[in-house]
Amino acid sequence: MRIRLNLECPRCGGALFMEEDGESVSITCNRCGLRASWKLRDAARRALKNIDGSLIFDWNSVIDELYLELAISIR
Ligand SMILES: [Zn+2]
């Protein structure tokens, strides 16, 4: 799975993509290669939410936190 995000790279302003390959989830910049990733099970631990008895994987919170890691890593 590879999704173009509606976010810009905090280092170069390039397009950011989210990739998920069954083992890890990452956000990568196409232009400069800046990247942050988590093991999928770590992401699941943070992102799974129990809503009315159904487990929902909240991708938005994963994207938010990975984006913060990118922003911190360039300082
Ligand atoms: Zn970049």
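Residues numbered from 1 in each chain as written. Predicted model: local features only at pLDDT ≥ 70, side-chain atom pairs only at ≥ 80, totals over all residues.

**Looking at the overall build of the protein**
- Of the regular secondary structure elements, the protein holds 2 helices and 6 strands.
- Listing every helix and strand of the protein by position from the N terminus yields β-β-β-β-α-β-β-α.
- Summarising its shape, the C-alpha atoms of the protein cover approximately 40 × 25 × 20 Å along the three principal directions.
- Looking at the protein as a whole, 13% of its 75 residues qualify as buried.
- If you take every contact in the protein between residues at least 6 apart in sequence, the share linking residues at least 24 apart comes to 23%. (Helix = DSSP H or I, 4+ residues; strand = E, 2+ residues; numbered from the N terminus. Buried ≥ 20, exposed ≤ 12 C-beta atoms within 10 Å, placed from the backbone. Contact = placed C-beta atoms within 7 Å.)

**What about unusual backbone geometry?**
- In this structure, Asp 52 is a non-glycine residue whose phi angle is positive, near 50°.
- By secondary structure assignment, the location of Asp 52 is in the loop between β5 (48-51) and β6 (54-57).
- Asp 52 gets classed as exposed once you count the C-beta atoms within 10 Å, which come to 5.

**Things to note about the pairing of strand β4 (residues 35-39)**
- Sheet analysis places strand β3 (residues 24-29) next to β4, joined by 5 bridges and oriented antiparallel. Residue pairing across strands places Thr 28 opposite Arg 35, the latter belonging to β4.
- What sits between β3 and β4 in their antiparallel hairpin is a turn of 5 residues, with Gly 33 showing a positive phi close to 85°. (Pairing = 2+ DSSP bridges.)

Nothing here speaks to function; it is all geometry.
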